[in-house]
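Working through the structure, step by step
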Amino acid sequence: MGANESKLKYKNYVYKIADSTRQIPPNSQYWSFFWREPNSAAEIYSLLTNTDIRSLRDANIDQFILLIKIVCHRLIYLSSLKNITWEKFPKNELLNCLRILTRILPFLYEAPEYQIREKELFWSLPKDQLSNADTQNTKSNPIPLGAKLIFTAMDLLFTTDLTVPSNLSKNTTPINFANNTDYIIWEPGISQNAKFQEPNTEIDCNRLEILRFLNVLCSQCLYKSISNIIPVGSRYLTVLVTSIDKIEILTFISSLLNLTCRSTKSDTRVNGLEFSNSKFKELRTLMVTNAIQLLTLCVVY
């Protein structure tokens, strides 16, 4: 979307959502524009300025919340698609969902008057699900949207050909299907003895998108006073550190820790931070920085 006409079109879509006299149905194709058109995180950040997001939020909070909800459900839906090859899978749509949520969620968190709306959106169950839960056993208990996002992001961090390399020698077919998870540790170190491999720029880029999203999702505490954080805590971090399967959380923590340790090595041949291309070096540095931030959040919490 490099053309000025395309950028103007994106702005117009945002302005129409802000129009309080026009309510867009949740099932309208109108919403799909937001995850189909942008091609990068930079585009989303340039198109959705701070002023634009706050104007949308304050002019029509119902539509603002609906946008977040629809993008969340689209992300969860795309991450659950099976038996589809990566060639046919709309990977850019999945990444755009992550980028949009990463961009706009802080503006929901920062306004104390919308704390109840945030809680209702992410941690309350629809009435129909609440009634159904009474007739189901504990294994079928419905899950709040906030918890679903944590589980989805964790799976995405260990998805073959997205955030971990695939090992075709272990497969019975050379066809790589989307959304296959493989909980393998990212870097040699704790629980993994191997030689350091050259960083994969595409995988690092995808990891960065998801790590950013998780950091933002868990950043709600930044907008609260310390006196309120201590007794209440963070629901997102509580799910992350207590509700993930043991093998998954150990792989996750080991991956972040090993990545951090590798990056602190003084030997530029193995620390994974030296690139002839400055953009690749910046990308790797950002990915490592976000990994350290998320690791710190988990350990401290």
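Here the structure is a predicted model, which is why all the values come from computation and not from measurement.

On to the packing of helix H7 (residues 115-123) against helix H9 (residues 145-156). At a minimum axis distance of 5 Å, the contact between H7 and H9 shows a crossing angle of 60°. Taken together, the axes of H7 and H9 are oblique relative to one another. Counted together, Leu121, Phe122 and Trp123 of H7 and Leu145, Gly146, Ala147 and Leu149 of H9 form the full contact between these two elements.

Right, let's talk about the side chain of Arg99 for a bit. On the secondary structure map, Arg99 appears in helix H6 (residues 91-109). Here Glu209 takes part through its side chain, which lies 2.9 Å from a polar atom of the side chain of Arg99. The residues touching Arg99, leaving out its near neighbours within four places in the chain, are Asn39, Ser40, Ala41, Ile44, Asn92 and Glu209.

Where helix H5 (residues 61-80) contacts H6, the axes come no closer than 9 Å and their chain directions differ by 145°. Crossing hand, H5 versus H6: left-handed. Taking contact as the criterion, the partners of Phe64, Ile65, Leu67, Ile68, Val71, Cys72, Arg74, Leu75, Leu78 and Ser79 in H5 are, on H6, Glu93, Leu94, Cys97, Leu98, Ile100, Leu101, Ile104, Leu105, Phe107 and Leu108.

Where side chains of opposite charge bring their charged atoms close, a pairing between them can arise. Under the defined criterion, the tally for this structure stands at 13 salt bridges. The salt bridge partner of Arg54 is Glu110, with a shortest N-O separation of 2.8 Å. Of the two residues, Arg54 is situated in helix H4 (residues 50-59) and Glu110 in the loop between H6 and H7; the sequence distance between them amounts to 56 residues. Of the charged contacts in the structure, one is a salt bridge between Arg57 and Asp58, with a shortest N-O distance of 2.9 Å. Among the residues examined, Arg57 registers a relative accessible area of 6% and is labelled buried. Since its relative accessible area comes to 45%, Asp58 is described here as partly exposed. Each member of the salt-bridge network shares a partner with another, and the members are Glu187, Asp204, Arg207, Arg262 and Arg284.

Turning to unusual backbone geometry, a few remarks are in order. The backbone of Asn83 shows a phi angle near 55°, a positive value even though the residue is not glycine. Phi at Asp161 takes a positive value of approximately 65°, unusual for a residue other than glycine. In this fold, Asp161 is placed in the loop between H9 and helix H10 (201-217). For Asp161, a relative accessible area of 25% gives the class partly exposed.

Counting 85 residues, the largest nonpolar core has Ile68, Leu105, Phe122 and Phe252 as its most contacted members. Per-element tally for this core: the top contributor is H5, with 12 residues.

Among the secondary structure elements, Pro25 is positioned in the loop between helix H1 (4-18) and helix H2 (33-36). As for Pro25 and Met154, which are separated by 129 residues in sequence, their C-alpha atoms are 30 Å apart.

Its place among the elements puts Ile70 in helix H5. When the C-alpha positions of Ile70 and Ser32 are compared, they lie 9.2 Å apart, and in sequence the two are 38 residues distant. Each residue touching Ile70, except ones within four places of it in the same chain, is listed here: Pro26, Trp31 and Trp35.

With that out of the way, let us pick up the packing of aromatic side chains. Following the criterion strictly, the structure yields 15 aromatic pairs and no others. Ring geometry for Tyr13 and Phe34: centres 6.2 Å apart, planes at 80°, overall edge-to-face. Note that Tyr13 is positioned in helix H1 and Phe34 in helix H2, a separation of 21 residues in sequence. On the basis of an interplanar angle of 85° and a centroid distance of 5.1 Å, the ring pair of Trp86 and Phe89 is categorised as edge-to-face. Both residues of the pair, Trp86 and Phe89, count as buried. Chaining the aromatic ring pairs together yields one cluster made of Tyr10, Tyr13, Tyr30, Trp31, Phe33 and Phe34. The residue whose ring lies beneath Arg207 is Trp186, and the NZ or CZ to ring-centre distance is 4.1 Å.

Here the focus is the side chain of Ser254. Considering the arrangement of structural elements, one finds Ser254 in helix H13 (residues 246-263). Among the polar contacts listed, one links the side chain of Ser254 to the backbone oxygen of Leu250, at a separation of 2.8 Å. The contact partners of Ser254, leaving out residues within four places of it in the chain, are Ile185, Ile190 and Ser191.

Here we take up the layout of surface pockets. Taken as a whole, the largest pocket encloses approximately 460 Å³ of empty space. In terms of lining, the largest pocket is formed by 22 residues, of which the most central are Pro165, Ile185, Trp186, Gln197 and Arg207. Here the lining of the largest pocket takes 3 residues from H10, the largest share from any one element. Residues of the lining of the largest pocket, tallied by class, amount to 9 nonpolar, 4 polar and 9 charged.

Rules used throughout
- Residue positions within a chain follow its written sequence, with the count starting from 1.
- Given that this is a predicted model, residues contribute local features only at a pLDDT of at least 70 and side-chain atom pairs are listed and counted only at 80 or more, while totals for whole chains, interfaces and linings are drawn from all residues.
- Side-chain calculation: all heavy atoms of the structure are included, whereas hydrogens and water are not.
- What counts as an axis is a line fitted to C-alpha atoms, over the stretch in contact for a helix, and the angles between N-to-C directions run from 0 to 180 degrees.
- In this description a helix means any DSSP run of H or I spanning at least four residues, a strand means any run of E spanning at least two, and both kinds are numbered starting from the N terminus.
- Note on terminology: angles under 35 degrees are roughly parallel, angles over 145 are roughly antiparallel, angles of 65 to 115 are roughly perpendicular, and the others are oblique.
- Pairs of residues are marked as contacts when any of their non-hydrogen atoms sit within 4.5 Å.
- Polar contact is the term for a pair of N or O atoms within 3.5 Å; when the atoms are in protein, one must be able to donate a hydrogen and the other to accept it, and sequence-neighboring residues count only if both atoms are side-chain atoms.
- Left-handed describes a crossing whose near helix is turned anticlockwise from the far helix through less than a right angle; right-handed describes the clockwise counterpart.
- Salt bridges are counted wherever a side-chain nitrogen of Lys or Arg sits within 4 Å of a carboxyl oxygen of Asp or Glu.
- Summary of the burial criterion: residues with accessible area below 20% of their type's maximum are buried, those above 50% are exposed, and those between are partly exposed, where the area comes from a 1.4 Å probe applied to protein chains only.
- Each nonpolar core is a collection of buried residues, namely Ala, Val, Leu, Ile, Met, Phe, Trp, Tyr and Cys, held together in the definition by side-chain atoms within 4.5 Å.
- Stacked, tilted and edge-to-face are the three classes applied to pairs of Phe, Tyr and Trp rings, where Trp contributes its six-membered ring and a pair requires centres within 6.5 Å; stacked means planes under 30 degrees apart, edge-to-face means over 60, and tilted covers the rest.
- Lysine and arginine charges are scored as sitting over a ring when NZ or CZ, respectively, is within 6 Å of the ring centre and within 35 degrees of the ring normal.
- Put simply, the grid is 1 Å and covers the protein atoms alone, a cavity is a trapped set of points that fit a 1.4 Å probe, a pocket is an open set with protein on both sides within 12 Å along at least five of seven lines, and lining residues have an atom within 4 Å of a point.
- Grid points are joined across faces, edges and corners, and a volume is the space filled by probe spheres set on the points.
- Residues were grouped as follows: Ala, Val, Leu, Ile, Met, Phe, Trp, Tyr, Cys and Pro as nonpolar; Asp, Glu, Lys and Arg as charged; and all remaining residues, including Gly, as polar.

Note that every value here comes from positions in space, so none of it alone points to a role or purpose.
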